[in-house]
Amino acid sequence: MNPSFHSIRWRLFWTSLIALALAIGCCSLVQWVYAPSDDRCLWSIEYTIPDDPSGTHESKVVIRSVSHEGSANATALAIGDQLVAVHDIKVPEYSDKLTLQENQRQILTAIRRIISFLNSMPDGATVQYTVIRDGQRITLPVELKKIFDATNALLLFTGLVAWAIGLLVVLSSPQRKIARHFYYLGVLTLLLAAGSSTRGVYTYTTSAGIGFITDFCRLIFNALLPPMWFHFFLRFPYGFEIRKYRYLLIGIYAINILLLIPDAIYMALALVSSNDSFWLLRLFLDASPISANTPVSKYFQIILLGSGVALFCIGSFKVPGNRRKALMAPLLFTVAIFLDMTAYLWMAKSYVNAPDVDFFFRSSHYFFLPLPFLPMTFAYAILRHGFFNVRQVIVRWLTYFVSLGALIVAYLAILAWTLPIVIPEKINMSWLGIIMGLSALPLAWIFRWLVATLRRKFRRDISSARDIMLVGLRDARKRFSENDLLESLAASIHEAYRPQVCHCLPVTGARVILPALAAHGAGNSIGHKVGELKEFRLPPAMLRHAKENRELVYGLGSDESDWIISQSAALRAYMDALGTQVMVLLMAGDHPHSVLLLGGKYAELNYSREDRELLREVAISAGILLESAIMHKRLIDKTRLDQELQAARNIQESLITLTPPDIPGFQMASRLLPAMETGGDLLWVKERAPGRWIAAVGDVSGKGLPAAIYMSQSMALLNFAARNPEVSLEKVLDGMDHALRSLMSPKDFLTLCIIEWDTAGRFKVVRAGHPPPIHLCGASNSGPISLAPPGLALGMRPASPIKWHACEGMLQPGDWLVMYSDGLTEAMDQKGNLYGTDRLKAQLKRFWGTGSLRAACEAIFMQVAAFEVQNKDDMTLFILAREKI
């Protein structure tokens, strides 16, 4: 499973499930279960309050508009008729014995009862209306019709299409923010379909719960879609710089949500006022300026939507010509639908008090007819021109379902052919069911095996990809050949990821020459001649980060490679035509050596974060090997063997610390003597942070040139791992162990001892299979102390669960800390006796009293040289002393 998809799979599942359930459920309930009845007329309550206090108050329900599109009986009503009663439910007249608020309550209660009665009637039912027309009371039959909300059906269809396309997009590129935004826009469109299912439900239906859910969906839609629409077009199809201002985007989201707080309050109050006991609250809501979709929030949302459309227009003309052409259809439909929806809102506001408002709202679905074409045009652009690699996802899932269907068809065909032969004609149906159930058990195992096989065809696992790519680097025969190393690396990456494009290009003076377009079938669509070469420059900031932080993997998509468009728009078009998605920079030391340009993986357009971390790990290992290969090439170019060995020794001596630095308050003495021209011992001293120093002594197994090469690799790894002063020494050893295990042969390893100290004398010691350092201090009456924190050597196979631990202490004035290699203590005389640690401690204690570090170092080397006649090995000694006050 794609790791990026693995991290969001449940989020996709639950958001899709909830949005689909709300959209389909609300639409179905309101269209069929709670479908309102329509009498083809619009009512309004009119109050007459005389100027003279002694005058007569009046209140009546008047038919404001009549639609002539319904049944023949619907035309019996006329505009201006005063509604007296519906069936046996009467509209109360104004009573002087009651207050104005009590009269209003009686009328509202009667209207609610009438509408509840009408909604409970079946489709085609006839109801008797009693009205007053021209001063005469008459009774008219009116035929009711159940309303089918075409606008809601169009919004539901649009939401389903947008959700399906968004889901395919996020499945193809789950780690891209653009893909996730596209999916969330589709989910919010489903919420719009759910929110448009009812209008004014608290007043006109008996299901206040349904109304609350739909209004809540509409509130979520209004809160999130306008800013997300604006945010999406900041990234697609062109990445604007403003998208990097995080706090600005957070502010836009926050302002839109804050402006909708009155709407949320209105929704909550409306839910409470749906109960008849809160009739006074309903009167307050009817007269209150607080209402759903307040003008300020509505205008702000329109500004955000319009700004998103403007960004879409500008960004479409900033992308290369082939993509600009592909975006024309979505762009035109987006602009047209935005203007169409703006016109609808303006006309809806204008028709609120118009006599034919009923006709306008009955015909409003015509404004929404083009809406489903918007996600369809995006789907066409995505499928036809490859903005996201949706085709591969469709192929994968269709392959799964076709395989399942073929397996089921084969199973049923085998049953149909074998059952009449092996089973008697008269058999109990329960036994037949048991037989079919047992025979279906192998079907699940076959399908599981089939899906696992198909998944391996579509994608390799990260661990298997790591093994495939590192196996070429472990081949010792190719470590000292740059071309063989690069060819092996490119072949292993191609086998692991099967990229659509894989180019290994040299870097010359921070410039890379790209291959010709002829090999990719590109024509003149991007304004270049077939076969024309183009180059690009590696930015200095990129090279600096690669040198200091080992950032070696870079995305080449338009939304994550601003440095390409900054060089030229033609280069951006050229890179798009090549179809490359990722660039891997190979560093030989501190200098760029080559770049790997990789296209999209099969069935996955982009590389996940784990893929990029793996490519970075491989690039670091390959860079170390390239550095070794370059060094080896320089060595074999020498005409004489002694010159080659001398050059190797010079290189090794340039890597180690031969002359200790001057540190106030401390003295140091060190010496490294290889057994041959080159050796595998490591000696390194460096200031890690202001006031903090680090020293290391190591020993690579073996001797000669191979050990020296491994030593240089270990030195480079140590220098890189200890670069960050916040990283503990234990983590430094852990990182080196992981890297060396992939670089060294199974028989090789590295022992290492590291000391870190500060100006106050506090020190920390870690040890990886190396001889324990010796602490000589005045507080110890028993003599020199061996500091032996546990820890195994680095690069050993198989990996051990035992980890490294640090030993801490205090270096008092006059104290010594000594690190050494086993070449000193394992020196052997003619009788086979070892020099040993006891002799070394005794010699150190003798010179510790004099306080001369250099004399102690030279005397120990002279004594070992006189003692040793066999088993010669590299010898290293490092002494750190704190000056006496």
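None of these values were measured; they are calculated from a predicted model. (Residues numbered from 1 in each chain as written. Predicted model: local features only at pLDDT ≥ 70, side-chain atom pairs only at ≥ 80, totals over all residues. Heavy atoms only, no water.)

**Quick look at the overall build of the chain**
Then, number 1: Across its full length, the chain holds 28 helices and 24 strands.
Then, number 2: Within the span of the chain, comprising 885 residues, buried residues form 49% of the whole.
Then, number 3: Put simply, of all contacts in the chain between residues at least 6 apart along the chain, 71% involve residues at least 24 apart.
Then, number 4: As displayed, the chain has an accessible area near 42,900 Å², and 61% of this comes from carbon and sulfur atoms. (Helix = DSSP H or I, 4+ residues; strand = E, 2+ residues; numbered from the N terminus. Buried < 20%, exposed > 50% of the residue type's maximum accessible area, 1.4 Å probe, protein only. Contact = heavy atoms within 4.5 Å. Areas by Shrake-Rupley, 256 points an atom, 1.4 Å probe, with all protein chains shown as cover.)

**Concerning the nonpolar core**
Then, number 1: Met 583, Leu 615 and Trp 757 are the most contacted members of the largest nonpolar core, which totals 99 residues.
Then, number 2: In contact with Leu 615, other than residues within four places in its own chain, are Met 469, Ile 493, Tyr 497, Val 553, Val 582, Val 584, Leu 598 and Tyr 607.
Then, number 3: With 57 residues, the next largest nonpolar core counts Ala 179, Phe 221, Phe 240 and Phe 367 among its residues. (Core = buried A, V, L, I, M, F, W, Y, C linked by side-chain atoms within 4.5 Å.)

**Digging into helix 19 (residues 540-548)**
Then, number 1: Turning to helix 19, its buried residues are Met 542, Leu 543 and Ala 546. Across the axial projection of helix 19, the buried residues extend over an arc of 95 degrees, all falling on one side.
Then, number 2: The inward-facing, buried residues of helix 19 abut strand 12 (553-555), helix 20 (562-567), strand 13 (580-588) and strand 14 (591-599). (Arc of directions from axis to C-beta.)

**Observations regarding the pairing of strand 17 (residues 692-700)**
Then, number 1: Counting buried positions over the nine residues of strand 17 gives eight, a clear majority of the element.
Then, number 2: The antiparallel hairpin formed by strand 16 (residues 681-689) and strand 17 contains two residues in its connecting segment, where Gly 691 sits at a positive phi of about 85 degrees.
Then, number 3: In this structure, strand 17 lies alongside strand 18 (residues 750-758), joined through nine bridges in antiparallel fashion. Residue pairing across strands places Val 700 opposite Leu 750, the latter belonging to strand 18. (Pairing = 2+ DSSP bridges.)

**Some words on the packing of aromatic side chains**
Then, number 1: All chains considered together, the criterion is met by 17 aromatic pairs.
Then, number 2: Between Trp 10 and Phe 13 the ring centres are 5.8 Å apart and the planes differ by 90 degrees, which places this aromatic pair in the edge-to-face class. Highlighted residues: Trp 10 and Phe 13, both in helix 1 (residues 3-33), separated by three residues, approximately one helical turn.
Then, number 3: A relative accessible area of 51% places Trp 10 in the exposed class.
Then, number 4: Through a chain of ring-to-ring contacts, three or more aromatic side chains come together here, namely Phe 182, Trp 229, Phe 232, Phe 233, Phe 236, Phe 312 and Phe 378. (Phe/Tyr/Trp six-rings, centres within 6.5 Å; stacked < 30°, edge-to-face > 60°.)

**A look at the pairing of strand 4 (residues 82-86)**
Then, number 1: Across the five residues that make up strand 4, a large majority, four, are buried.
Then, number 2: As judged from the two bridges shared by strand 3 (residues 58-66) and strand 4, these two strands associate in the antiparallel manner. Each residue of the ladder has a partner; that of Val 61, found in strand 4, is Leu 83.
Then, number 3: With four bridges connecting them, strand 4 and strand 6 (residues 126-133) associate as antiparallel partners. Bridging across to strand 6, Gln 82 finds its partner in Ile 132.

**Structural notes on the side chain of Glu 482**
Then, number 1: If you trace the backbone, Glu 482 turns up in helix 18 (residues 482-497).
Then, number 2: Beyond its immediate stretch of four places on either side in the chain, Glu 482 contacts His 593, Leu 626, Ala 629, Ile 630 and Lys 633.

**A few points about the pattern of salt bridges**
Then, number 1: Here the structure, examined in full by the defined rule, presents eleven salt bridges.
Then, number 2: In this structure, the salt-bridge partner of Glu 241 is Lys 244, at a minimum N-O distance of 3.4 Å.
Then, number 3: Across the pair Arg 511 and Glu 535 runs a salt bridge, and its minimum N-O distance is 2.7 Å. In this pair, Arg 511 is assigned in strand 10 (residues 511-513) and Glu 535 in strand 11 (residues 535-537), connecting sequence segments 24 residues apart. (Salt bridge = Lys/Arg side-chain N within 4 Å of Asp/Glu carboxyl O.)

**Describing the sheet that holds strand 22 (residues 807-810)**
Then, number 1: Spatial strand order, 16-17-18-19-22: five strands in an open sheet with antiparallel pairing. A strand with exactly one partner marks an edge of an open sheet, and here the two such strands are strand 16 and strand 22. Each strand of the sheet is rotated relative to its neighbour by a mean of 15 degrees, with strand direction disregarded.
Then, number 2: One ladder, built from four bridges, connects strand 19 (residues 762-768) with strand 22; its direction is antiparallel. For Arg 762, the partnering residue across the bridge sits in strand 22 and is Met 810.
Then, number 3: On the sheet, helix 24 (residues 704-721) packs against strand 16, strand 17 and strand 18 and is oriented at approximately 10 degrees with respect to strand 16.
Then, number 4: Sitting on the sheet, helix 25 (residues 729-743) touches strand 16, strand 17, strand 18 and strand 19, and the angle it makes with strand 18 is about 155 degrees. (Axes fitted to C-alpha atoms, helices over the stretch in contact; angles between N-to-C directions.)

**Some thoughts on unusual backbone geometry**
Then, number 1: Going from Phe 236 to Pro 237, the amide bond is cis rather than trans, its omega being 0 degrees.
Then, number 2: If you check the backbone angles, His 87 has positive phi at about 60 degrees while not being a glycine.
Then, number 3: Even without a glycine there, the phi angle at Ala 510 is positive, about 65 degrees.
Then, number 4: Assignment of secondary structure puts Ala 510 in the loop between strand 9 (502-506) and strand 10.

**Topic: the sheet that holds strand 13**
Then, number 1: Spatial ordering of the open sheet is given by 9-14-13-12, a layout of four strands whose pairing is antiparallel. Two strands close off the open sheet at either side, each with one partner strand: strand 9 and strand 12. Adjacent strand axes in the sheet meet at a mean angle of 20 degrees, parallel and antiparallel pairs treated alike.
Then, number 2: The sheet contact formed by strand 12 and strand 13 spans three bridges and is antiparallel.

**Remarks on a nonpolar patch on the surface**
Then, number 1: Together, Trp 10, Phe 13, Trp 14, Leu 17 and Ile 18 line one region of the surface with nonpolar side chains, adding up to about 550 Å² of accessible area.
Then, number 2: One can find Trp 14 in helix 1. (Patch = residues over 30% accessible without salt bridge, like charges linked within 9 Å, V, L, I, M, F, W, Y side chains within 5 Å.)

**So, the packing of helix 10 (residues 295-316) against helix 12 (residues 328-350)**
Then, number 1: Look at helix 10 against helix 12: their axes get within 10 Å of each other, and the N-to-C directions meet at 160 degrees. As the angle between them shows, helix 10 and helix 12 are arranged roughly antiparallel. Seen from above, helix 10 lies across helix 12 with left-handed handedness. Contact residues: helix 10 offers Tyr 299, Ile 302, Leu 305, Gly 306, Val 309, Phe 312, Cys 313 and Ser 316, while helix 12 offers Pro 330, Leu 331, Thr 334, Val 335, Phe 338, Leu 345 and Lys 349.
Then, number 2: Residue composition of the contact of helix 10 with helix 12, grouped by class: eleven nonpolar, three polar and one charged. (Parallel < 35°, antiparallel > 145°, perpendicular 65-115°, else oblique. Left-handed = near helix turned anticlockwise from the far one by under 90°. Nonpolar A, V, L, I, M, F, W, Y, C, P; charged D, E, K, R; others polar.)

**Here's the deal with the confidence of the model for the chain**
Then, number 1: For the chain, per-residue confidence averages 78 on the pLDDT scale, and 79% of positions sit at 70 or higher.
Then, number 2: Residue range residues 276-293 is modelled with pLDDT below 50. Its contacts to residues more than four positions away, or to other chains, number 34 contacts.
Then, number 3: Counted against residues more than four places away or in other chains, residues 518-531, with its pLDDT under 50, gives 24 contacts. (pLDDT = per-residue confidence, 0-100.)

**Some words on the packing of helix 3 (residues 150-172) against helix 4 (residues 177-195)**
Then, number 1: Packing of helix 3 against helix 4 brings their axes to within 7 Å, and their N-to-C directions diverge by 160 degrees. Put simply, helix 3 runs roughly antiparallel to helix 4. Viewed along their axes, helix 3 and helix 4 form a crossing whose handedness is left-handed.
Then, number 2: Looking at the contact of helix 3 with helix 4 residue by residue, the class counts come to 16 nonpolar, six polar and one charged.

**Some points on the side chain of Asp 340**
Then, number 1: Checked against the element boundaries, Asp 340 lands in helix 12.
Then, number 2: The exposure class assigned to Asp 340 is buried, which follows from its relative accessible area of 18%.
Then, number 3: Contacts of Asp 340, omitting those with residues within four sequence positions, involve Phe 367 and Pro 370.

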